[in-house]
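The residues making up each chain are set out below.
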Amino acid sequence: MIAMNYRGPRRVRIDHKPYPKILHPNDAIVKVTRSCICGSDLHLYHGMVPDTRVGSTFGHEFIGIVEEIGSSVEKLKVGDHVLVPFNIACGKCAFCKQELYGNCHESNSQATAVGGIFGYSHTAGGYQGGQAEYVRVPYADVGPTIIPPDMDPDDAVLLTDVLPTGYQAAEMGGIQKGDTVVVFGAGPVGIMAAKCAWLFGAARVIVIDHIDYRLEFVKNYANCEAYNFKSMDDPVVFLKKATDWLGADVCIDAVGADAAGSALQTITGKKLLLQAGAATALHWAINSVKKGGIVSIVGVYGPTGNLIPIGNVVNKGITIRANQASVKRLLPKMIEHVQAGRINPKAIITHRVPLEEVAEAYHIFSSKLDNCIKTVLIPPSVRT
Ligand SMILES: [Zn+2]
Ligand SMILES: [Zn+2]
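Here is what the cut-offs are and how they apply
- Residues numbered from 1 in each chain as written.
- Chains lettered and ligands numbered in written order.
- Predicted model: local features only at pLDDT ≥ 70, side-chain atom pairs only at ≥ 80, totals over all residues.
- Heavy atoms only, no water.
- Phe/Tyr/Trp six-rings, centres within 6.5 Å; stacked < 30°, edge-to-face > 60°.
- Helix = DSSP H or I, 4+ residues; strand = E, 2+ residues; numbered from the N terminus.
- Buried < 20%, exposed > 50% of the residue type's maximum accessible area, 1.4 Å probe, protein only.
- Lys NZ or Arg CZ within 6 Å of the ring centre and 35° of its normal.
- 1 Å grid on protein atoms, 1.4 Å probe; cavity = no way out; pocket = protein on both sides within 12 Å on 5 of 7 lines; lining within 4 Å.
- Points joined across faces, edges and corners; volume = space filled by probe spheres on them.
- Nonpolar A, V, L, I, M, F, W, Y, C, P; charged D, E, K, R; others polar.
- Donors = N, O, S within 2.8 Å, 3.2 Å for Na, K, Ca; no water.
- Tetrahedral: all angles 85-135°; square planar, octahedral: opposite > 155°, others 65-115°.
- Pairing = 2+ DSSP bridges.
- Axes fitted to C-alpha atoms, helices over the stretch in contact; angles between N-to-C directions.
- UniProt positions renumbered as here; feature names shortened; annotations may be inferred.
- Salt bridge = Lys/Arg side-chain N within 4 Å of Asp/Glu carboxyl O.

### Regarding the packing of aromatic side chains
- Taken as a whole and judged by the stated rule, the model has ten aromatic pairs.
- Ring geometry for tyrosine 6 and phenylalanine 58: centres 5.1 Å apart, planes at 35 degrees, overall tilted. Here tyrosine 6 is found in strand E1 (residues 2-8), whereas its partner phenylalanine 58 is found in the loop between helix H1 (39-45) and strand E4 (62-69), with 52 residues between them in sequence.
- Assessed through its relative accessible area of 3%, tyrosine 6 is described here as buried.
- Between the aromatic rings of phenylalanine 229 and tryptophan 284, the centroid separation amounts to 4.8 Å while the plane-to-plane angle is 65 degrees, which identifies the pairing as edge-to-face. Within this pair, whereas phenylalanine 229 is found in the loop between strand E12 (225-228) and helix H7 (235-242), its partner tryptophan 284 is found in helix H9 (residues 280-288), the two being separated by 55 residues in sequence. In this pair, the class of phenylalanine 229 matches that of tryptophan 284, namely buried.
- Taken together through their ring pairs, the aromatic side chains of Tyr6, Tyr45, Phe58 and Tyr362 make up a single cluster.
- Cation over ring: lysine 195 sits above tyrosine 221, and NZ or CZ is 5.0 Å from the ring centre.
- Over the face of the ring belonging to tyrosine 101 we find lysine 328, whose NZ or CZ atom lies 5.8 Å from the ring centre.

And the structure:
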């Protein structure tokens, strides 16, 4: 089969790889019909995630058709159309029992923090991802969810990460009726977080980024205010001024380790790797939220430390909430929102690219060319 193959920072290509095998009775093999490139894949692509091994296939956002099942699989049958949450979860450990499916204790042998994730380095379990024709799906009775027959596959693939992650960002923000919510990052997850903030009763939603076409998109899609931090002297002062000098009720970091906007953070985090990337967005979130406010983090950071103003967190009495989205927990609600027409995830897809052109697709997405917001890779079998 063909699959995306990581060759080192900023180098990916298509290669032939062996067809995946059932390794455990609860595995399934899924024939991929669509996979996405995620903003967090760029952290891998840029070489910022520890233990990203040459030869890995990325891709944690995919849907497909069950091709083969292990002997103990009960909930799936060959031919089922499934969407597969990016978290790999056993369903039985103490954390899965609390519905913390992103923190499964069994799916990642290195797991002191994160559970297993498809195609997301050996730090997240070393699983192969779905930017391929076929993928092995462990714990097949837990994560994979039958796609409702009336659902567009382009919507379904965005339920594997983007929409639930944006929704959980808003949920962790504890948004109260009338709140002002600031979202840092107008990528796919920030766009969904801004959209979902209204569902929790926000009165005002402000998005901050530095890419004009994305700001324009989110302004229309999420019906919010959107500003370019490059046009400001200091985004923190701008946001204070915009909120009667009190600060926002809730700030959401939908950027993570690859942030632009601060020379100090870029040099220490991205050039010298003295910290887990550049925590610029988180820095701004902490300093822009009001006293007693909540900072919700869904942006991805590596395991090493970051330069963040922890003194301000203490002195302002800020609550910080953070996690990988618990996709399985949120799926029933997300499916309902999409079917009711409250959220139209597929509207963010700007590029549909043959899987064979994965190198070009990464380049376009990474360099923010061609007004790219979300790229879907289509394997050859779906195109014929
Ligand atoms: Zn993702
Ligand atoms: Zn578990």
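### A few points about the layout of surface pockets
- Each pocket or cavity is described by its volume, and for the second largest pocket that value is around 290 Å³.
- Pro18, Pro20, Lys21, Gln128 and Arg136 are, among the 16 residues lining the second largest pocket, the residues nearest its centre.
- Of the residues assigned to the lining of the second largest pocket, the class counts are nine nonpolar, four polar and three charged.

### A look at the coordination of the zinc ion (ligand 2)
- Only Cys90 (SG), Cys93 (SG), Cys96 (SG) and Cys104 (SG) from the protein reach the zinc ion (ligand 2) as donors, at distances of 2.3 to 2.4 Å.
- For the zinc ion (ligand 2), the four donor atoms in the first shell make angles of 102 to 117 degrees at the metal, so the coordination geometry reads as tetrahedral.
- When the donors of the zinc ion (ligand 2) are listed by position in the chain, the intervening gaps give C-x2-C-x2-C-x7-C. Residue cysteine 96 shares its accessibility class with cysteine 104, and that shared class is buried.

### Some remarks on unusual backbone geometry
- A positive phi angle is found at serine 121, which is not glycine, with a value near 75 degrees.
- Within the secondary structure, serine 121 sits in the loop between strand E7 (116-117) and strand E8 (134-137).
- Positive phi outside glycine occurs at aspartate 370, with the angle close to 55 degrees.
- Mapped onto the elements, aspartate 370 comes out in the loop between helix H12 (358-366) and strand E17 (374-378).

### Here's the deal with the sheet that holds strand E13 (residues 248-253)
- Taken together, six strands build an open sheet; the order of strands is E12-E11-E10-E13-E14-E15 and the sheet is parallel. Strands with a single pairing partner mark the edges of an open sheet, and in this sheet they are E12 and strand E15 (319-322). Neighbouring strand axes in the sheet, compared pairwise and without regard to direction, differ in orientation by 20 degrees on average.
- Bridge count between strand E10 (residues 180-184) and E13: four bridges; the pairing is parallel. Within E13, the position partnered with valine 183 by the bridge is isoleucine 252.

### A closer look at the UniProt feature "domain: Alcohol dehydrogenase-like C-terminal" (unreviewed entry) in the chain
- The UniProt feature table records "domain: Alcohol dehydrogenase-like C-terminal" (unreviewed entry) at residues 188-267.
- Helix makes up 44% of residues 188-267 and strand 20%, with an end-to-end C-alpha separation of 26 Å.

### Focus on the coordination of the zinc ion (ligand 1)
- Cys38 (SG), His60 (NE2), Glu61 (OE) and Asp161 (OD) make up the full set of protein donors to the zinc ion (ligand 1), lying at 1.9 to 2.2 Å.
- Viewed at the metal, the four donor atoms of the zinc ion (ligand 1) are separated by angles of 94 to 135 degrees, and the geometry they form is tetrahedral.
- One chain supplies every donor for the zinc ion (ligand 1), spaced along it as C-x21-H-E-x99-D. One end of the pair, cysteine 38, is in the loop between strand E3 (28-37) and H1; the other, aspartate 161, is in the loop between helix H3 (153-157) and helix H4 (162-172), with 123 residues separating them in the sequence.
- According to the relative accessible area criterion, cysteine 38 is buried, its value standing at 6%.
- Overall, the relative accessible area of 5% leaves aspartate 161 in the buried class.

### A closer look at empty space enclosed by the protein
- Here the structure, examined in full by the defined rule, presents one cavity of 30 Å³ or more.
- In this structure, the largest cavity occupies an estimated 90 Å³ of space.
- Looking at side-chain class alone, the lining of the largest cavity contains eleven nonpolar, two polar and one charged residues.

### Considerations on the pattern of salt bridges
- Per the stated rule, a full pass over the model turns up 14 salt bridges.
- Taking the shortest distance from any N to any O, the salt bridge between aspartate 154 and arginine 352 comes out at 2.3 Å. Here the residue aspartate 154 occupies a position in helix H3, and arginine 352 occupies one in strand E16 (residues 349-354), the gap between them amounting to 198 residues.
- Here aspartate 154 falls in the buried class, since its relative accessible area comes to 5%.
- Salt bridges here are not isolated pairs; linked through shared partners, they connect Arg34, Asp154 and Arg352.

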